[in-house]
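# Coordinates in review
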Amino acid sequence: MKVFVPFRLDTLNQCLWRRRDTGPEERILLRPKTFLVLAYLVEHAGRLVTHDELLDAVWSDSVVEPQAVKRHVLAVRSALGDRPKHSLFVETVATRGYRFIAPVSERSALERPTTISDRLSQDLVGRGGVLKMLLETWQRVSNGERQIIFITGEPGIGKTALAEEFQRRVAFDGQSIRIAHGQCIEGYGSKEAYGPVLDALGQLCRGPQVEPLVDILSAEAPTWLAQLPGLLARGRREMLQREISGVARERMVRELGDALESITAETALLLFLEDLHWVDDSTVDLISALARRRTPAKLMLLATYRALDPPRHSLKALVSDLLVRRWCRKIDLTPLSQADVEEYLDAQLPTSSPPPGLSALVHSHSEGNPLFMVAALEDMAKRNLVTRANGQWQLQAPLEQIIFEVPDDLRHMIEAQLERLSEQEQSALELASIAGASFSASVIGSASDIDSSRVETLYEALSRRHHIVKWVCTDSLPDGTLTERYAFVHVLYRQVLYDRQTPGRRARLHRRIGERLAAIYAQRMEDVVPELAYHIEQGADRSRAIDYLRQAAEIVGCKECCGCGSIKPGCI
Ligand SMILES: Nc1ncnc2c1ncn2[C@@H]1O[C@H](COP(=O)(O)OP(=O)(O)OP(=O)(O)O)[C@@H](O)[C@H]1O
Ligand SMILES: [Mg+2]
């Protein structure tokens, strides 16, 4: 599947889709030959495709007059809403042929299945305010004020979706602009210096008006040009590479700073760098230099990152420094509200209102995280709990009976996140998942095989990274000791950590936590009885569990739950 914002070319099913501002994706009907012309141009994006080549590729089995190519290219342009004078997609190369000039990215059909969630994920909600702010900032870019913007937040909060939506809007507001996209790759080994920037420059040089760009790079940034394949003849490239071998980092940074100023003198550039939590130090240096230059440039550097891990990440110091000087902006994305979830559901079926209570359920389950919201709806659709037939929502089971399961792809994503943690961190989190949605560090510490003070430090470090657990409050134990209470950032993390342990180990750990609770709270048993009953029951000690459950039944109902999930069974 090829994607060129806002379109998606499904080569497997031979159809073209377009994302709209609101509502689901729209299918654009093309005649078979027109589709083949578009697919061939997209397949060879960035390079000249001659008339003869198109004739051979699309009409290999028949003889047609050359005008046919023109007619079908016209049809492609009108389907894409492209203008021949200022084309964003198909550029005419006078008398020779055509070039597809928009950035194209590849997506596997698996990444974007045409399922309910695919359609559901098309509509952004709750981001109107930040989009407006971004568009206003873009106006400043058009006036030559360079802008550096970071979008941050937990995994799945919608950083990429927001950046892509913004990119789509600026691409379609009629001005001539350039967009380049660079991706940081999670590196288990060493990271390529300037990897995402080289990625973006390479893309830029496959886009429209390549010649002036190459001229600028050749004159002002030869150290960069030499690293971009396919732009120079082999001999010239090798010569350049010899010349620049061993040049200092500072020179590279300076060269690109100069070149970007020339590139953006006339046409604004949106440089979009994704996933800077995996960025290399050289790119951090470069961002720093670009942000510090005070000379005018129609440049916006828009970058996304999750919580920075480790906390001493070089980018963290840079962002703090730039923020203090007001040389950058940081947008911390917050979870969606229940009203946003309601709006999201509304947009899916404008003809019918979602079942009462559905948005509240999805919101509380996803805690406003859009990725989890989409996954929860996907899960319900897959299990036929919620269906949409004849333009109507239909609930197939009472909402209060719906128990969510973690969809496989989400489970794999969370597993991959956990795999990146140390063995001790994983084991401390697994133990915490036995304790509940929230847990006291010192109770867990005393039930752990690892040194208890070490366990507490681990939770503190994990919560500072805002990854999987977060700090909730400071509790006092019956003996007066103060302890920190933490909670899983999302219930799905707890579920995956819980499920990955064998039933035998879970039962052992439940019993152990139950025993520690009983010992620590011997003088204030009423505080923990429901929790205790739960652990002893899960630890398969039936007779003691019944005893505690009886006591719990007398206590529950006489206290208001504080919301931190510490003692009521419903919170566990
Ligand atoms: N505001 C929103 N409204 C509706 N759907 C959204 C919104 N934001 C994100 N989504 C959907 O949620 C999913 C996750 O979003 P996205 O990939 O942008 O998250 P992310 O923050 O970039 O995650 P990661 O840190 O893993 O890169 C996508 O399917 C996206 O379409
Ligand atoms: Mg993302």
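Computed from a predicted structure; not experimentally measured.

We now examine the packing of helix H1 (residues 32-43) against helix H2 (residues 51-58). Packing of H1 against H2 leaves a shortest axis separation of 10 Å and a crossing angle of 125°. When the axes of H1 and H2 are compared, the pair comes out oblique. Here H1 runs over H2; the crossing is right-handed. In this structure, H1 uses Lys33, Leu36, Val37 and Tyr40 to contact H2, whose residues at the interface are Glu53, Leu54, Ala57 and Val58. Among the residues forming the contact of H1 with H2, the class breakdown is 6 nonpolar, no polar and 2 charged.

The next subject is the site of ligand 1. Residues in close proximity to ligand 1 total 18 residues, the closest being Val125, Lys159, Thr160, Ala161 and Arg306. At 2.9 Å, a backbone N or O of Gly156 approaches an oxygen atom of ligand 1. At 2.7 Å from an oxygen atom of ligand 1 is found a main-chain nitrogen or oxygen belonging to Ala161. If ligand 1 stood free it would expose 630 Å²; the protein chains cover 85% of that surface. Of the residues that constitute the shell around ligand 1, the class distribution is 8 nonpolar, 4 polar and 6 charged. When we break the shell around ligand 1 down by domain, the ones giving at least three residues each are domain 2 (122-332) and domain 3 (344-397).

Another point: the environment of Gln175. Mapped onto the elements of the fold, Gln175 is located in the loop between helix H6 (159-171) and strand E10 (177-183). Remark: the alpha-carbon pair of Gln175 and Ala268, spanning 93 residues in sequence, is separated by 8.9 Å. Apart from the residues within four sequence positions on either side, Gln175 is in contact with Trp138 and Ser142.

With that out of the way, let us pick up the nonpolar core. By size, the foremost hydrophobic cluster in this structure holds 52 residues, and its most contacted members are Phe150, Trp224, Leu276, Leu286, Leu301 and Leu315. Element by element, the count of residues in this core is highest for helix H11 (residues 249-263), at 6 residues. In contact with Leu301, other than residues within four places in its own chain, are Gln147, Ile148, Ile149, Leu271, Leu273, Ile287 and Leu290. Leu410, Val443, Ala447 and Phe488 belong to the second largest nonpolar core, which has 46 residues in total.

Assignment of secondary structure puts Arg146 in the loop between helix H5 (128-142) and strand E9 (147-152). Assessed through its relative accessible area of 13%, Arg146 is described here as buried. Here Arg146 is in contact with Glu261, Leu290, Arg293, Thr295, Pro296, Ala297 and Leu299, once residues within four sequence places are set aside. Here Arg293 takes part through its backbone oxygen, which lies 3.4 Å from a polar atom of the side chain of Arg146.

Moving on, we get to H5. For H5, with 15 residues, the first-to-last C-alpha span of 21 Å sits near the 21 Å given by 1.5 Å per residue. Every buried residue of H5 is listed here: Leu131, Leu134, Thr137, Trp138, Val141 and Ser142. Across the axial projection of H5, the buried residues extend over an arc of 150°, all falling on one side. For H5, the exposed residues set more than 90 degrees away from the buried face come down to Gly128, Gly129 and Lys132. At the C-terminal side of H5, Gly144 shows a positive phi close to 95°.

Criteria and cut-off values
- Residues numbered from 1 in each chain as written.
- Chains lettered and ligands numbered in written order.
- Predicted model: local features only at pLDDT ≥ 70, side-chain atom pairs only at ≥ 80, totals over all residues.
- Heavy atoms only, no water.
- Axes fitted to C-alpha atoms, helices over the stretch in contact; angles between N-to-C directions.
- Helix = DSSP H or I, 4+ residues; strand = E, 2+ residues; numbered from the N terminus.
- Parallel < 35°, antiparallel > 145°, perpendicular 65-115°, else oblique.
- Left-handed = near helix turned anticlockwise from the far one by under 90°.
- Contact = heavy atoms within 4.5 Å.
- Nonpolar A, V, L, I, M, F, W, Y, C, P; charged D, E, K, R; others polar.
- Near = heavy atom within 4 Å.
- Polar contact = N/O pair within 3.5 Å; in protein donor to acceptor, adjacent residues only side chain to side chain.
- Areas by Shrake-Rupley, 256 points an atom, 1.4 Å probe, with all protein chains shown as cover.
- Domains from an automatic or database assignment.
- Core = buried A, V, L, I, M, F, W, Y, C linked by side-chain atoms within 4.5 Å.
- Buried < 20%, exposed > 50% of the residue type's maximum accessible area, 1.4 Å probe, protein only.
- Expected span 1.5 Å × (residues − 1).
- Arc of directions from axis to C-beta.

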